[in-house]
Amino acid sequence: MIFIRQKRGIIALLVALSMSSLWLFRSYLFPQNMPKAGIALSFDDRYIKEWHLLRPIFRKYNAHVTFYLTQPDSLSSEEWNMLSELSKDGHEIACHGAIHTQSIPFVWRNSIREYFEVEIFPALNTMKKHGFTPTTFAHPGGSQFWWLDQKLYQYFNLLRDVSLKKRRLGNWVFERKIDEINEIYFKPNQSKSVSALMIDISNELSEKEIVEVLKKAKNTQSVAMLFGHKPLFQTPQTGQEYGFEVEFLTYILSESAKLGLKTYTMAELSQFNKP
Ligand SMILES: [Zn+2]
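Residues numbered from 1 in each chain as written. Predicted model: local features only at pLDDT ≥ 70, side-chain atom pairs only at ≥ 80, totals over all residues.

Break down the overall build of the chain for me, citing the residues and quoting the values.
Along the backbone of the chain there are 11 helices and 13 strands. Structurally, the chain occupies a C-alpha span of about 80 × 45 × 45 Å along its principal axes. Counting only residues that meet the buried cut, the chain has 32% of its 275 residues in that class. (Helix = DSSP H or I, 4+ residues; strand = E, 2+ residues; numbered from the N terminus. Buried ≥ 20, exposed ≤ 12 C-beta atoms within 10 Å, placed from the backbone.)

This is the structure we're talking about:
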């Protein structure tokens, strides 16, 4: 009799455990789709004059994007005016730190408190002074760790990391196939820490590969997150130039339009996550 009761107790416990783990991992087990598949483009650092020149292209494709601004205290009033115009166009002006330091070595040498005092608070304060209240953040240098992210969530709704096809470590080059890069597709309620695929020329993405990414976003009803740095208006000569070809960006936008993909800002994506 006692044995049967014990057995029932164990079964009840197992059922309770599996129900609670189903609940915990519900968003992974039963992922929700986006109402409309799309792309979320973001641009890092402070190439404000060059970003401002992209306005006609964004207007042509009715695209809204995110600019992750770093070292805002170094900007001229002309650049702040350009950012205001970009914001009025419906683009997001978001935070990429005050000094653009890599968080892991910085916190290792100092502390999380100092990281906030040096990297986060001054950036937020300067931006606020110029009328911007950023709600999303991109990790400078793609350097992030779990514990710091938990603290950053007190100030930001979404944290963006870097995803590469090609990564160099000294003489070693690690390359992933485009269909193996799965972390760049946003779906609701999966994580507030997301990764975007870099479109700079150093990542050597082909037109065929980017179309594969866009089609995957369409087929999985998700949002492909992509990002770059400096817009290169001329065809690169050496391959060592820093940034992405404007021609490549235009290609991405025109192929997206053909597939009926919607553009999202990162702040818009963050609204698909439960608080
Ligand atoms: Zn950066």
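Don't stop here, the text continues.
An account of the environment of G142 is needed here, citing residue identities and associated values.
One can find G142 in the loop between β4 (136–138) and α8 (146–152). When the C-alpha positions of G142 and S103 are compared, they lie 8.8 Å apart, and in sequence the two are 39 residues distant.

Give a description of the domain arrangement of the chain that names residues and reports values.
What the domain assignment reports for the chain is domain 1 (1–30) and domain 2 (34–270). Taken over C-alpha atoms, the centre of domain 1 sits 42 Å from the centre of domain 2. (Domains from an automatic or database assignment.)

Any chance you could break down unusual backbone geometry for me, citing the residues and the numbers?
For H100, which is not a glycine, the phi torsion comes out positive at approximately 60°. For E204, which is not a glycine, the phi torsion comes out positive at approximately 50°. Here E204 lies in the loop between β9 (193–198) and α9 (207–219). A tally of 12 C-beta atoms within 10 Å means that E204 is categorised as exposed.

Summarise the pairing of strand β6 (residues 166–169); cite the residues concerned and give the values.
Where β6 meets strand β7 (residues 172–175), four bridges bridge the pair, whose relative direction is antiparallel. Residue L169 lies in a different strand from β7, and its bridge partner there is W172. The antiparallel pairing of β6 with β7 creates a hairpin that spans two residues between the two strands, and G170 there sits at a positive phi of about 65°. (Pairing = 2+ DSSP bridges.)

So what about the packing of α9 against helix α10 (residues 246–258)? Which residues, and what values?
Interaxial distance between α9 and α10 falls to 10 Å at its minimum, and their mutual angle equals 40°. One way to sum up the angle between α9 and α10 is to call them oblique. Between α9 and α10 lies a crossing whose hand is right-handed. Contact residues: E207, I210, V211 and L214 in α9; Y251, I252, E255 and S256 in α10. By residue class, the composition of the contact of α9 with α10 is five nonpolar, one polar and two charged. (Axes fitted to C-alpha atoms, helices over the stretch in contact; angles between N-to-C directions. Parallel < 35°, antiparallel > 145°, perpendicular 65-115°, else oblique. Left-handed = near helix turned anticlockwise from the far one by under 90°. Contact = placed C-beta atoms within 7 Å. Nonpolar A, V, L, I, M, F, W, Y, C, P; charged D, E, K, R; others polar.)

Can you break down the environment of P105 residue by residue, with the values?
Here P105 is to be found in helix α6 (residues 103–109). Residue P105 is classed as exposed on the basis of its 11 C-beta neighbours within 10 Å. Considered as a pair, P105 and A12 are 93 residues apart in the sequence and their alpha carbons are 47 Å apart.

Give a detailed account of the nonpolar core, specifying residues and quantitative values.
The biggest cluster of nonpolar side chains holds 57 residues, and the ones touching the most others in it are V223, A224, M225 and L226. In terms of residue count, the dominant contributor to this core is strand β10 (residues 223–228) (five residues). Contacts of L226, omitting those with residues within four sequence positions, involve I39, L41, A196, L197, I199 and I252. (Core = buried A, V, L, I, M, F, W, Y, C linked by C-beta atoms within 7 Å.)

Describe α9, listing the residues and the values that go with them.
Relative to the 18 Å expected for 13 residues at 1.5 Å per residue, α9 spans 18 Å between its end C-alpha atoms, a close match to the ideal helical length. The set of residues buried in α9 consists of I210, V213, L214 and A217. The buried residues of α9 occupy an angular sector of 95° when the element is viewed end-on, so they sit on one face. Residues of α9 that are exposed and point more than 90 degrees away from the buried face comprise K208 and N219. Those residues of α9 hidden inside the fold are in contact with β1 (38–45), β8 (185–186), β9, β10 and α10. Among the residues trailing α9, Q221 stands out with phi positive, at a value near 45°. (Expected span 1.5 Å × (residues − 1). Arc of directions from axis to C-beta.)

Give me the lowdown on the UniProt feature "domain: NodB homology" (unreviewed entry) in the chain, citing residues and values where you can.
Per the UniProt annotation, the sites labelled "domain: NodB homology" (unreviewed entry) are residues 33–143. Counting secondary structure, residues 33–143 comes out at 43% helix and 17% strand; the distance between its end C-alpha atoms is 29 Å. (UniProt positions renumbered as here; feature names shortened; annotations may be inferred.)

Provide a residue-level description of the environment of N219, including the pertinent values.
Mapped onto the fold, N219 is located in helix α9. In sequence terms N219 and Q144 are 75 residues apart; their C-alpha atoms lie 30 Å from each other.

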